[in-house]
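# Observations on the model geometry
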Amino acid sequence: MIGTVESSVNMPAPVLAAYSYCEAVTGQQARNFAYGIRLLPTPKRRAMSALYAFSRRVDDIGDGTLADDVKVARLDETRAVLARIHEGAVDEDDTDPVAVALAHAARVFLIPLEGLDELIDGVQMDVRGETYETWDDLRTYCRCVAGAIGRLSLGVFGTEPGAHGADRAPEYADTLGLALQLTNILRDVREDAEGGRTYLPADDLAKFGCSAGFHGPTPPAGADFAGLVHFEVRRARALFAEGYRLLPMLDRRSGACVAAMAGIYRRLLDRIERDPEAVLRGRVSLPGREKAYVAVRGLSGLDTRHVTRRTVRRRA
């Protein structure tokens, strides 16, 4: 049962301050994500900011410069905070604003908090320095660090009453998370390599002569880097196509939020496809005007209508 959404006037001051902190973190550290959640009504936007702020904390531990044993200890501490939220043991005057905001959001929305446990599991895989032989191996990691976020977000969005196939909504949200994560992996391939991490499957790297890795602005000698990128782009596009089936199940503003965030990443994928070596030269990004266009497109419902028409044709 979804709890009653409090207005800002009725919300206790410590909770409102906790949400404000989470929104500030989101605005400063997640421009693409923040761009999408602007389209949500205030209670959902705040809840999504709380989810982001907690997830950011977990990611920052994994990406930081601490020794691995310290990272493991910090992740254990973060999991303990999550357990307190699960148990309803976080008071409004708790000194951790992220815990306060997330605990409140979990009382208002049907958020599957176990997804954050999966995120911690995924970051622990990073700390252990795991690599991935096959796409199935990488998909397991992506489900932890991104698919879980899709399912958590769906807990905030909810589905429209009577939406056809809504029982598969968590599956589609998970798949959309995978699409976004694979796009991230392609965009950050050189940055990750410089940090000692390789995410793309070893099988794929070998197939395209890229097993030597990516440590400069040009591909390894003799590698078919463009072939590798185009292969992974096709995989990501198939994931986007499947995940977009979620859109008709959401209300207009939640659908607009998802379409905007996913649309930004799909356009990043387009840029990477056009110029694969760009990801070796620097970080590929979209200008603000293009993000604004994606947001307007999401609000117009164009992507949702396109998916709906395609689904109807499949059923016919």
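Structure: see above.
I will try to describe carefully the structure that is included in this document. (Residues numbered from 1 in each chain as written. Predicted model: local features only at pLDDT ≥ 70, side-chain atom pairs only at ≥ 80, totals over all residues. Heavy atoms only, no water.)

## Structural notes on the overall build of the protein chain
Using the following cut-off: In this description a helix means any DSSP run of H or I spanning at least four residues, a strand means any run of E spanning at least two, and both kinds are numbered starting from the N terminus. Our radius of gyration is a C-alpha quantity, and the globule rule it is checked against amounts to 2.2 Å times the number of residues to the power 0.38. The classification of residues rests on relative accessible area computed with a 1.4 Å probe and restricted to protein chains. Under 20% of the type maximum is buried, over 50% is exposed, and intermediate values are partly exposed. For accessible areas, the Shrake-Rupley method is used with a probe of radius 1.4 Å. Any residue's cover is judged against the shown protein chains and nothing else. A positive count includes Lys and Arg, and a negative count includes Asp and Glu. His and the chain ends are not counted in either. By convention, the charge on Lys lies at NZ, on Arg at CZ, on Asp at CG and on Glu at CD.
Scanning the protein chain for helices and strands turns up 15 helices and 0 strands. Here the C-alpha atoms of the protein chain give a radius of gyration of 20 Å, agreeing with the 20 Å that 2.2 N^0.38 yields for 316 residues. Principal axes of the C-alpha set define a box for the protein chain whose edges measure 65 × 55 × 35 Å. Expressed as a percentage of its 316 residues, the buried residues of the protein chain come to 50%. In the form shown here, the protein chain has an accessible surface area of approximately 14500 Å², with 51% of it arising from carbon and sulfur atoms. Across the protein chain, 42 positive and 44 negative side-chain charges occur, with their mean positions spaced 10 Å apart.

## A look at helix H7 (residues 135-157)
Counted only if it meets this: To obtain the bend at a residue, axes are fitted to the seven residues ending there and to the seven starting there, and the angle between these axes is taken.
The largest bend along H7 reaches roughly 50 degrees and is located at Arg 143. Two residues or fewer past H7, Gly 158 is found with a positive phi of approximately 70 degrees.

## Quick word on the packing of helix H8 (residues 169-187) against helix H12 (residues 252-274)
The cut-off we apply is this: Axis definition: a line fit to C-alpha positions, over the contact stretch in the case of helices; interaxial angles, taken between N-to-C directions, run 0 to 180 degrees. For any helix crossing, the convention is left-handed if the near helix is rotated counterclockwise from the far helix by under a right angle, and right-handed if that rotation is clockwise. Two residues form a contact once any of their heavy atoms are found within 4.5 Å. For this scheme, ten residues count as nonpolar: Ala, Val, Leu, Ile, Met, Phe, Trp, Tyr, Cys and Pro. Four count as charged, namely Asp, Glu, Lys and Arg, and the remainder, Gly too, count as polar.
One way to put it is that H8 packs onto H12 with a least axis distance of 10 Å and a crossing angle of 35 degrees. As H8 packs across H12, the resulting crossing turns out to be left-handed. Along the contact surface, H8 presents Leu 176, Leu 180, Thr 183, Asn 184, Leu 186 and Arg 187, while H12 presents Val 258, Ala 262, Tyr 265, Leu 268, Leu 269 and Ile 272. When grouped by side-chain class, the residues that make up the contact of H8 with H12 number 9 nonpolar, 2 polar and 1 charged.

## Description of the pattern of salt bridges
Heads up, the rule is: Salt bridges are defined as contacts in which a side-chain nitrogen from Lys or Arg sits within 4 Å of a carboxyl oxygen from Asp or Glu.
One pass over the full model with this rule turns up 27 salt bridges. Residue Arg 237 is joined to Glu 273 by a salt bridge in which the shortest nitrogen-to-oxygen separation is 2.7 Å. Note that Arg 237 is positioned in helix H11 (residues 225-243) and Glu 273 in helix H12, a separation of 36 residues in sequence. Its relative accessible area of 29% is what places Arg 237 among the partly exposed residues. On the basis of relative accessible area, Glu 273 is assigned to the partly exposed category, the value being 31%. A salt bridge links Glu 242 to Arg 245; the nearest nitrogen and oxygen atoms lie 3.7 Å apart. Beyond isolated ion pairs, a larger network of salt bridges with shared partners links Glu 118, Arg 143, Arg 151 and Asp 174.

## Re the side chain of Ser 49
Relative to the assigned elements, Ser 49 resides in helix H3 (residues 42-63). Since its relative accessible area comes to 1%, Ser 49 is described here as buried. If we ignore the near neighbours within four places in the chain, the residues touching Ser 49 are Cys 22, Glu 23, Thr 26 and Ile 37.

## Some points on the environment of Arg 252
Residue placement: Arg 252 occurs in helix H12. For Arg 252, a relative accessible area of 58% puts it in the exposed group. Each C-alpha atom of the pair Arg 252 and Thr 95 lies 36 Å from the other, and the pair is 157 residues apart in sequence.

## A short note on helix H4 (residues 68-86)
For the record, the criterion: Multiplying one less than the number of residues by 1.5 Å gives the expected span of a helix. The directions from the helix axis to the C-beta atoms are what the arc is built from.
Between its terminal C-alpha atoms H4 stretches 27 Å, which fits the 27 Å expected from 19 residues at 1.5 Å a residue. Along H4, the residues classified as buried are Lys 71, Leu 75, Thr 78, Val 81, Leu 82 and Ile 85. The arc that holds every buried residue of H4, seen down its axis, measures 110 degrees, which confines them to one face. In this structure, the buried side of H4 is in contact with H3, helix H5 (97-108) and helix H6 (114-127). Positive phi shows up at Gly 88, right after H4, with a value of about 70 degrees.

## As for the environment of Arg 57
Selection rule: Polar contact is defined as a pair of N or O atoms within 3.5 Å, subject to the rule that within protein one atom must be able to donate a hydrogen and the other to accept it, and that residues adjacent in sequence are counted only when both atoms are side-chain atoms.
When you line up the elements, Arg 57 lands in helix H3. Once the C-alpha coordinates of Arg 57 and Glu 87 are considered, the two residues, 30 residues apart in sequence, prove to be 20 Å apart. When residues no more than four places from it in sequence are discounted, the contact partners of Arg 57 are Thr 78, Asp 96 and Val 98. A distance of 2.8 Å separates polar atoms of two side chains, one belonging to Arg 57 and the other to Asp 96.

## Examining the environment of Glu 118
Residue position: Glu 118 is located in helix H6. On a C-alpha basis, the gap between Glu 118 and Ala 146 in space is 9.4 Å, while along the polypeptide they are 28 residues apart. Excluding its chain neighbours within four sequence positions, the residues that come into contact with Glu 118 are Arg 143, Cys 144, Ala 148 and Arg 151.

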